[in-house]
Amino acid sequence: VSQQVLEQVLGELQPLCTSEQQFLQEFFCLGSGSAELQVRVSTVPSPGPFPSLEHPWEEATTQLLSEIFSCLEPELRAFLDVCNKVQPLGCLQVLVTLSDSVLGTWGPCSAPPSSFLHTLLGNVLLLAKSNFNRCIGTLCKEMEEAKPASRTRGGILPCVSRFQELVALSEEVFQTSQRRGELDRAQLRLASSVFSSISSLSSANLKVNTDMVMMENFHHIHNFLCQRDIPCLEGKKREAKQRCREHMEKYISTYVGQPLERLKNYFEGVKARLAQGVKEEELSFQLAYSKQELRKVIEKYPGKEVKRALESLYRTIHKHLSPEENLLPVVWQAMEQGFIRQYREFEDLIQRCYAGAGIALDFTMEDLLSYFNSITMAN
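Residues numbered from 1 in each chain as written. Predicted model: local features only at pLDDT ≥ 70, side-chain atom pairs only at ≥ 80, totals over all residues. Heavy atoms only, no water.

## So, the overall build of the chain
The number of helices and strands found in the chain is 16 helices and zero strands. Considering the chain as a whole, with its 379 residues, one finds that 46% of them fall into the buried category. In the chain, once contacts between residues fewer than 6 apart in sequence are set aside, the share between residues at least 24 apart is 75%. Carbon and sulfur atoms form 50% of the exposed surface of the chain, whose accessible area is close to 19800 Å². (Helix = DSSP H or I, 4+ residues; strand = E, 2+ residues; numbered from the N terminus. Buried < 20%, exposed > 50% of the residue type's maximum accessible area, 1.4 Å probe, protein only. Contact = heavy atoms within 4.5 Å. Areas by Shrake-Rupley, 256 points an atom, 1.4 Å probe, with all protein chains shown as cover.)

## What to know about empty space enclosed by the protein
Here the structure, examined in full by the defined rule, presents two cavities of 30 Å³ or more. Looking at the largest cavity, its volume works out to about 60 Å³. Taken together, Leu-89, Leu-92, Ile-136, Leu-139, Leu-166, Leu-169, Ser-170, Leu-183, Gln-187 and Leu-190 make up the full set of residues lining the largest cavity. Among the secondary structure elements, those contributing two or more residues to the lining of the largest cavity are α6 (116–145), α7 (158–174) and α8 (181–199). (1 Å grid on protein atoms, 1.4 Å probe; cavity = no way out; pocket = protein on both sides within 12 Å on 5 of 7 lines; lining within 4 Å. Points joined across faces, edges and corners; volume = space filled by probe spheres on them.)

## Thoughts on the packing of α8 against helix α10 (residues 234–255)
Interaxial distance between α8 and α10 falls to 11 Å at its minimum, and their mutual angle equals 10°. By the criterion of interaxial angle, the relationship of α8 to α10 is roughly parallel. Of α10, the residues touching α8 (which contributes Leu-188, Ala-191, Ser-192, Phe-195 and Ser-199) are Lys-236, Glu-239, Ala-240 and Arg-243. Its residues assigned to classes, the contact of α8 with α10 shows four nonpolar, two polar and three charged. (Axes fitted to C-alpha atoms, helices over the stretch in contact; angles between N-to-C directions. Parallel < 35°, antiparallel > 145°, perpendicular 65-115°, else oblique. Nonpolar A, V, L, I, M, F, W, Y, C, P; charged D, E, K, R; others polar.)

## Thoughts on the side chain of Glu-336
Among the secondary structure elements, Glu-336 is positioned in helix α15 (residues 328–353). Notably, Glu-336 is buried but unbridged: the nearest opposite-charge side chain belongs to Arg-344, and the N-O separation is 9.7 Å. Among all residues touching Glu-336, those that are not within four sequence positions of it are Leu-369 and Phe-372. (Lys, Arg positive; Asp, Glu negative; His and termini not counted. Salt bridge = Lys/Arg side-chain N within 4 Å of Asp/Glu carboxyl O.)

## Quick notes on helix α9 (residues 210–227)
Compared with an ideal rise of 1.5 Å per residue, which puts 18 residues at 26 Å, α9 spans 26 Å between its outermost C-alpha atoms and is within 8% of the ideal. When you tally the buried positions in α9, you get 15 out of 18 residues, the bulk of the element. For α9, the N-terminal capping position is held by Asn-209, with its side-chain oxygen 3.1 Å away from the main-chain nitrogen of Asp-211. (Expected span 1.5 Å × (residues − 1). Polar contact = N/O pair within 3.5 Å; in protein donor to acceptor, adjacent residues only side chain to side chain.)

## Observations concerning the pattern of salt bridges
Scanning the entire structure with this criterion turns up 16 salt bridges. Asp-184 serves as the salt-bridge partner of Arg-180, at 3.1 Å between the closest nitrogen and oxygen. Given a relative accessible area of 23%, Asp-184 falls into the partly exposed group. Measuring nitrogen to oxygen at the nearest pair gives 2.9 Å for the salt bridge that ties Glu-345 to Lys-271. Of this pair, Glu-345 sits in helix α15 while Lys-271 is found in helix α11 (residues 261–275), placing the two residues 74 residues apart along the sequence. Given a relative accessible area of 29%, Lys-271 falls into the partly exposed group.

## As for the packing of aromatic side chains
As enumerated under the stated definition, the model contains eleven aromatic pairs in all. Aromatic side chains Phe-163 and Phe-224 sit 6.5 Å apart centroid to centroid with 75° between the ring planes, which places their arrangement in the edge-to-face category. Linking Phe-163 in helix α7 with Phe-224 in helix α9, this pair joins segments that are 61 residues apart in sequence. Judged on exposure class, the residue Phe-163 and its partner Phe-224 are both buried. Judged by centre distance (5.4 Å) and plane angle (85°), the ring pair of Tyr-266 and Phe-267 falls under edge-to-face. On the basis of relative accessible area, Phe-267 is assigned to the buried category, the value being 1%. Joined through ring pairs, the aromatic side chains of Tyr-266, Phe-267, Tyr-289 and Phe-346 make up one cluster. (Phe/Tyr/Trp six-rings, centres within 6.5 Å; stacked < 30°, edge-to-face > 60°.)

## Examining the packing of helix α14 (residues 303–320) against helix α16 (residues 365–378)
Following both chains from N to C, one finds α14 and α16 inclined at 40°, their axes separated by 10 Å at the closest point. It follows from the interaxial angle that α14 and α16 lie oblique. For the crossing formed where α14 meets α16, the hand is right-handed. Where α14 abuts α16, its residues Gly-303, Lys-304, Val-306, Lys-307, Leu-310, Glu-311 and Tyr-314 lie against Leu-368, Tyr-371, Phe-372, Ser-374 and Ile-375. (Left-handed = near helix turned anticlockwise from the far one by under 90°.)

## Thoughts on the environment of Val-96
Of note, Val-96 is situated in helix α5 (residues 90–103). In this structure, the C-alpha to C-alpha distance between Val-96 and Arg-180, residues 84 residues apart in sequence, is 9.2 Å. In contact with Val-96, other than residues within four places in its own chain, are Val-173, Phe-174 and Ser-177.

## Focus on the nonpolar core
Side chains of a nonpolar character, in soluble globular proteins, are inclined to be buried together. With 107 residues, the main nonpolar core has Leu-98, Val-270, Ile-317, Val-331 and Tyr-354 as its most contacted residues. Among the elements that line this core, the one with the most residues is α6, at 14 residues. Among residues more than four places away in sequence, those in contact with Ile-317 are Met-212, Tyr-251, Leu-328, Val-331, Trp-332 and Met-335. (Core = buried A, V, L, I, M, F, W, Y, C linked by side-chain atoms within 4.5 Å.)

## Some points on α5
Counted at 1.5 Å a residue, the expected span for α5 with its 14 residues is 20 Å, and the 20 Å between its end C-alpha atoms agrees. Here α5 lies mainly inside the structure; 13 of its 14 residues are buried.

## Some thoughts on the side chain of His-219
On the secondary structure map, His-219 appears in helix α9. Taking the relative accessible area as the measure of exposure, His-219 reaches 18% and is therefore buried.

## Digging into the environment of Met-215
Within the secondary structure layout, Met-215 lies in helix α9. On a C-alpha basis, the gap between Met-215 and Ile-198 in space is 9.4 Å, while along the polypeptide they are 17 residues apart. Once you skip the residues sitting within four places of it in the chain, Met-215 turns out to touch Cys-244, His-247, Met-248, Leu-321, Leu-327 and Val-331.

Written out as structure tokens, the structure is:
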């Protein structure tokens, strides 16, 4: 509504101010060769807000018009204040409309360059920019200070949905504008704020895995930006993809050892001894890492037990993920790759430190792949 009213006001002001300016210049002979020019310039008081123009006759015309339309700028400023109160995001459309009018891209209703109206609208445009920046600053602060409820069950955070709405709205409003400088800066500020809000989850007391929530939200932002061609946010799109990958890797590293926890802890101890300088061929002579101790740990993980543990892990991942992002297949595949790396590491340490002892895990690589495949197919 405010946009339509503003366009109507500007549409009526343009011919009025232009005709009045032409009349003054013709009636008072306010041209570059006028003999009365100097007298009229000296007798008309300065309006204050308008800077000196290049030609004295233009300055004289502007001074006369500023007296005739003395209430115009205060009224326009008051109207912008009303727009902000009635529509908090109306400042986006106001900024576009005023910018297009000043830049001459608003068709026949644009303010002619070097005109009184052009100068006046330029002053009002500064206020519109200030209102726009203040609005964006408030939105950024709201997103940064938003605290997720302790009962949050994961999924897309409100601040991410809000960011998506704001970007979509601003792109729609600015789609016909030739001036994107303010919008680009605003979108970068909004993106930085929502990234900061997601990162702050690491200190939040959520009932779900924090890395998984952060991964899903960065994934959501990356997908959203991939659907939009917004050059100024290309860097943020790449950052979102990287942050998504980092949190997935952290999640995988946290849970990949759970199905074979005792084996994992055992071989962590083996690696620690090797790092301390114990030779590979001598490690099995240490009481805590003897061949007998390794066999005891391996006996705890027959193939059937491993498959049951993986099924439990799948249920855990399913519980941590929200359905809207559909990331379960991606995370499960990454978990499979992590588990395969862990299995190969165990086998390598057995061959290096227990060579010739005839010790092997109860399940093979083929068994492991079949476990993952059957779980995937069953779900």
